[in-house]
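# Understanding the architecture of this molecule
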Amino acid sequence: MTDLLTGPDTLAQERRLVTEVPGPRSRALADRRAAAVTSAVGSTMPVYAERAGGGVIVDVDGNSFIDLGSGIAVTNVGNAAPAVVAAVQAQVAAFTHTCFMVTPYEGYVAVCEELSALTPGDHAKKSALFNSGAEAVENAVKVARHATGRTAVVVFDHAYHGRTNLTMALTAKNMPYKDGFGPFASDIHRVPMSYPFRDQPGTTGEQAAARAIAMIETQVGAGNVAAVLIEPIQGEGGFVVPAPGFLPALAEWSREAGAVFIADEIQTGFCRTGAWFASEHEGVVPDLVTTAKGIAGGLPLAGLTGRAELMDSVHTGGLGGTYGGNPVACAAALATIRTMREQDLAGAARAIEATMLPRLRALQERTSVVGDVRGRGAMLAVELVKAGTSEPDAELTGRIAKACHAQGVLTLTAGTFGNVLRFLPPLVIGQELLTEALDVLDAVFDELAPAR
Ligand SMILES: *Cc1c(COP(=O)(O)O)cnc(C)c1O
């Protein structure tokens, strides 16, 4: 339970190491875990959380880590954000669940109204709510297939869309997501992504789109495509930002082909990239948008929002689920969205970019192992390579992340080749804390990465 007097509001915003990492209490929990929790679920950090807020996570030994992960782009509004805590406490005391399919309630409707207002485009929109990102993606494909009467789904190299059977098929990377878990859902077609760092130098977004489209037309057939599904900036795939023009060209092709253009904004949404949604940076208006992660300040909630005629093309009862749009999660989402508006967290994400990007670029200048610096807003990454080549260096990436952890800075890795350090700070992180985290990163690079 959050004690409002000593809660995250008053949680000291500092990096503080008071034991070795992990400390004795975390080690004891690790022992219990080893006996009770499957080893198939991994953890980035060896420490166990006790409380978190603002830009820090405090472990059970009293160590305070600077959070550059936000629980994978979830706590954009901060952990245990005061407005979210209050809304959840009020809702949980009123009722916890009736099932929207049995006895509906206002919170669900209000979240769908917000999604209509916030997602790109001013066309008539409708939404359905679910529990996880994967579930939202599954339902996007259901709607697209039902509405078009077609079955083929086009996805991209380096894509990540989830871990359920259909979304494993949509996801590109074998280890750890797919290995040994087949057979996978059929009629999924993977085409090349625009990946400026690894494409032929000078490849424009339009050229990269033409390459993908040629493959779709020759190998799938435009008339068979139910949906083109893409992350506007890829998340797990390594924060790959497509060249300008790539997304608009694909959206345009989809429109002409009668295919549904689906933007998976699960990681990029809710102010993360400096706008409500990353599609906005290129003026792209998707037919369907999937949301989750940042939507509800840490409570499990996901949304599928899109053109009203698409969303209403499914028979009544065709979409749903026991917990989808749980009232407590909806209350959290409404408080999260209100906080994002009131505190201009999209602006905060742009300010984080303004602080971080020059520092990351300086690292690239100083060492020979940073091949690329990229991202938008508070979704930034460096891609690490063997000095002077473009060969991925996953081993060094892992060592740098671990060294940051040992110094009290939580960083995540990503990428098809495991060689991307990615940064996803809570949008409410303080400037001083962020600067301190960057100082730690500098020191770690100075120690582990050869200077130019
Ligand atoms: C995390 C993620 C998902 C899956 O969401 P879950 O809530 O983990 O099921 C899907 N798409 C993208 C882009 C994601 O980042």
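Residues numbered from 1 in each chain as written. Predicted model: local features only at pLDDT ≥ 70, side-chain atom pairs only at ≥ 80, totals over all residues. Heavy atoms only, no water.

### Looking at the site of the ligand
Near the ligand you find S132, G133, A134, Y160, H161, E231, D264, I266, Q267 and K293, and these make up its full shell. Measuring from a nitrogen atom of the ligand, one finds a side-chain N or O atom of D264 at 2.7 Å. K293 has a polar side-chain atom sitting 2.7 Å from an oxygen atom of the ligand. Protein contacts shield 83% of the accessible area of the ligand, which totals 380 Å² for the unbound molecule. (Near = heavy atom within 4 Å. Polar contact = N/O pair within 3.5 Å; in protein donor to acceptor, adjacent residues only side chain to side chain. Areas by Shrake-Rupley, 256 points an atom, 1.4 Å probe, with all protein chains shown as cover.)

### Focus: the packing of helix α3 (residues 82-94) against helix α10 (residues 327-342)
Interaxial distance between α3 and α10 falls to 8 Å at its minimum, and their mutual angle equals 155 degrees. Of the possible angle classes, the one that applies to α3 and α10 is roughly antiparallel. Where α3 crosses over α10, the handedness of that crossing is right-handed. Together, A83, V84, A87, V88, Q91 and V92 of α3 and P327, V328, A331, A332, A335, T336, R338 and T339 of α10 make up the contact between the two elements. Broken down by class, the residue content of the contact of α3 with α10 amounts to 10 nonpolar, three polar and one charged. (Axes fitted to C-alpha atoms, helices over the stretch in contact; angles between N-to-C directions. Helix = DSSP H or I, 4+ residues; strand = E, 2+ residues; numbered from the N terminus. Parallel < 35°, antiparallel > 145°, perpendicular 65-115°, else oblique. Left-handed = near helix turned anticlockwise from the far one by under 90°. Contact = heavy atoms within 4.5 Å. Nonpolar A, V, L, I, M, F, W, Y, C, P; charged D, E, K, R; others polar.)

### Quick notes on unusual backbone geometry
Each neighbour pair has its own omega, and for V21 with P22 the value is 0 degrees, a cis peptide bond. For P22, the location among the structural elements is in the segment before α1 (24-36). Look at the link from G182 to P183: it is a cis peptide, with omega at 5 degrees. A positive phi angle is found at F270, which is not glycine, with a value near 55 degrees. For F270, a relative accessible area of 1% translates into the label buried. Backbone geometry places D344, a non-glycine residue, at a positive phi of 45 degrees. Here D344 lies in the loop between α10 and α11 (345-366). Since its relative accessible area comes to 42%, D344 is described here as partly exposed. (Buried < 20%, exposed > 50% of the residue type's maximum accessible area, 1.4 Å probe, protein only.)

### Observations regarding the packing of helix α12 (residues 394-406) against helix α13 (residues 431-448)
Orientation of α12 relative to α13, taken along the N-to-C sense of each, is 135 degrees, at an axis distance of 10 Å. Of the possible angle classes, the one that applies to α12 and α13 is oblique. In the crossing of α12 with α13, the sense of the turn from one axis to the other is right-handed. Packed against α12, whose contacting residues are L396, R399, I400, A403 and C404, the element α13 presents L441, V444, F445 and L448 at the interface. Of the residues that constitute the contact of α12 with α13, the class distribution is eight nonpolar, no polar and one charged.

### Thoughts on the layout of surface pockets
Looking at the second largest pocket, its volume works out to about 550 Å³. Lining the second largest pocket are 23 residues; nearest its centre among them are F100, Y108, S127, A128 and L319. When contributions to the lining of the second largest pocket are tallied by element, the ones reaching two or more residues are α4 (106-118) and β4 (125-130). Of the residues contributing to the lining of the second largest pocket, the split by class is 10 nonpolar, nine polar and four charged. (1 Å grid on protein atoms, 1.4 Å probe; cavity = no way out; pocket = protein on both sides within 12 Å on 5 of 7 lines; lining within 4 Å. Points joined across faces, edges and corners; volume = space filled by probe spheres on them.)

### Details of the nonpolar core
By size, the foremost hydrophobic cluster in this structure holds 91 residues, and its most contacted members are L360, L441 and F445. Element by element, the count of residues in this core is highest for α11, at nine residues. Looking at this core, you find at least three residues from each of domain 1 (24-77 + 345-448) and domain 2 (84-342). Contact partners of L360, with chain neighbours within four places excluded, come to V373, L380, V382, F423, L438 and L441. (Core = buried A, V, L, I, M, F, W, Y, C linked by side-chain atoms within 4.5 Å. Domains from an automatic or database assignment.)

### Quick look at the domain arrangement of the protein chain
Domains assigned within the protein chain are domain 1 (24-77 + 345-448) and domain 2 (84-342). Averaged C-alpha coordinates put domain 1 and domain 2 at centres separated by 25 Å. Across the domain 1/domain 2 interface, buried area totals approximately 2,800 Å², and carbon plus sulfur atoms make up 61% of it. Together, V77, R376 and M379 form the three largest contributors to the area buried by domain 1 at its contact with domain 2, with a combined 25%. Linking domain 1 to domain 2 there are two salt bridges. Here domain 1 is connected to domain 2 by 18 residue pairs in polar contact (both at pLDDT 80 or more). If you list the elements that add at least two residues to the side of domain 1 that touches domain 2, you get α2 (70-73), α11, β11 (370-376), β12 (379-384) and β15 (420-423). (Buried area = accessible area lost by both parts, 1.4 Å probe. Salt bridge = Lys/Arg side-chain N within 4 Å of Asp/Glu carboxyl O.)

### Section: the sheet that holds strand β5 (residues 152-156)
One open sheet accounts for seven strands, arranged β4-β10-β9-β8-β7-β5-β6; its pairing is mixed. Each having just a single partner strand, β4 and β6 (188-191) make up the two edges of the open sheet. Neighbour to neighbour, the strand axes of the sheet diverge by 20 degrees on average, direction disregarded. Taken together, the four bridges between strand β9 (residues 288-291) and strand β10 (residues 302-307) define a ladder with antiparallel strand orientation. From the neighbouring strand, T290 faces β10, where its bridge partner is L304. Contacting β4, β9 and β10, α4 runs over the sheet at an angle of about 130 degrees to β4. (Pairing = 2+ DSSP bridges.)

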